[in-house]
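# Structural description and commentary
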Amino acid sequence: MTSPIGGVSLPGVPSIGALGGVGDATAAASAPSTTGDGFAATLAGAVDQLQGLQSTSSGLATAAATGDLKDVHDYMIAAQEASLATEVVVTLKNKAVEAFTEIMRMPI
């Protein structure tokens, strides 16, 4: 089975690239990554995107409260995107902490 699995893209979260078959895993293991992007950089980027979504939602909420917003649906969509992105980032953070804790419990 060598068909790749498509990537995942969520608003507020950096995209996860497509996964290849077994042949791709051996090529990836032999070639070191030169991008310099680690987990911390990815998490920081996700938090920055989340902050942008939340500030957009906040700005639209202010515009809706003052009556400057013509379409309230824009605010509702932005608020839902910010809420969903917050849930995703918090879940990823919790899973990362859980994985770290489990690794620290492993005997040497």
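Residues numbered from 1 in each chain as written. Predicted model: local features only at pLDDT ≥ 70, side-chain atom pairs only at ≥ 80, totals over all residues. Heavy atoms only, no water.

## As for the overall build of the chain
Check the secondary structure of the chain and you find three helices and two strands. Listing each helix as α and each strand as β along the chain from the N terminus yields β-β-α-α-α. For the chain, the proportion of contacts with a sequence separation of at least 24, taken over those separated by at least 6, is 56%. As displayed, the chain offers around 8200 Å² of accessible surface, 64% of which is attributable to carbon and sulfur atoms. (Helix = DSSP H or I, 4+ residues; strand = E, 2+ residues; numbered from the N terminus. Contact = heavy atoms within 4.5 Å. Areas by Shrake-Rupley, 256 points an atom, 1.4 Å probe, with all protein chains shown as cover.)

## Observations regarding the side chain of S57
Tracing the backbone through its elements, the reader meets S57 in helix α2 (residues 39-66). Contacts of S57, omitting those with residues within four sequence positions, involve Y75, A78, A79 and A82.

## What about the nonpolar core?
Core analysis: the biggest nonpolar cluster contains six residues, these being A46, L50, L53, A82, A85 and V89. Elements with a minimum of two residues in this core: α2 and α3 (72-105). (Core = buried A, V, L, I, M, F, W, Y, C linked by side-chain atoms within 4.5 Å. Buried < 20%, exposed > 50% of the residue type's maximum accessible area, 1.4 Å probe, protein only.)

## What about the packing of α2 against α3?
Look at α2 against α3: their axes get within 9 Å of each other, and the N-to-C directions meet at 155°. Relative to α3, the element α2 lies roughly antiparallel. Crossing handedness for the pair α2 and α3: left-handed. Here F39, A46, V47, L50, L53, Q54, S57, L60 and A61 of α2 come into contact with α3, specifically with D74, Y75, A78, A79, E81, A82, A85, T86, V89 and A96. (Axes fitted to C-alpha atoms, helices over the stretch in contact; angles between N-to-C directions. Parallel < 35°, antiparallel > 145°, perpendicular 65-115°, else oblique. Left-handed = near helix turned anticlockwise from the far one by under 90°.)

## Here's the deal with the confidence of the model for the chain
This prediction gives the chain a mean pLDDT of 76; 67% of its residues lie at or above 70. In the model of the chain, helix α1 (residues 22-30) stands out as the element of lowest mean pLDDT, 44, in contrast to α3, which has the highest, 93. Considering only residues more than four positions removed or in separate chains, one finds that residues 18-34, a stretch of pLDDT under 50, has eight contacts. (pLDDT = per-residue confidence, 0-100.)

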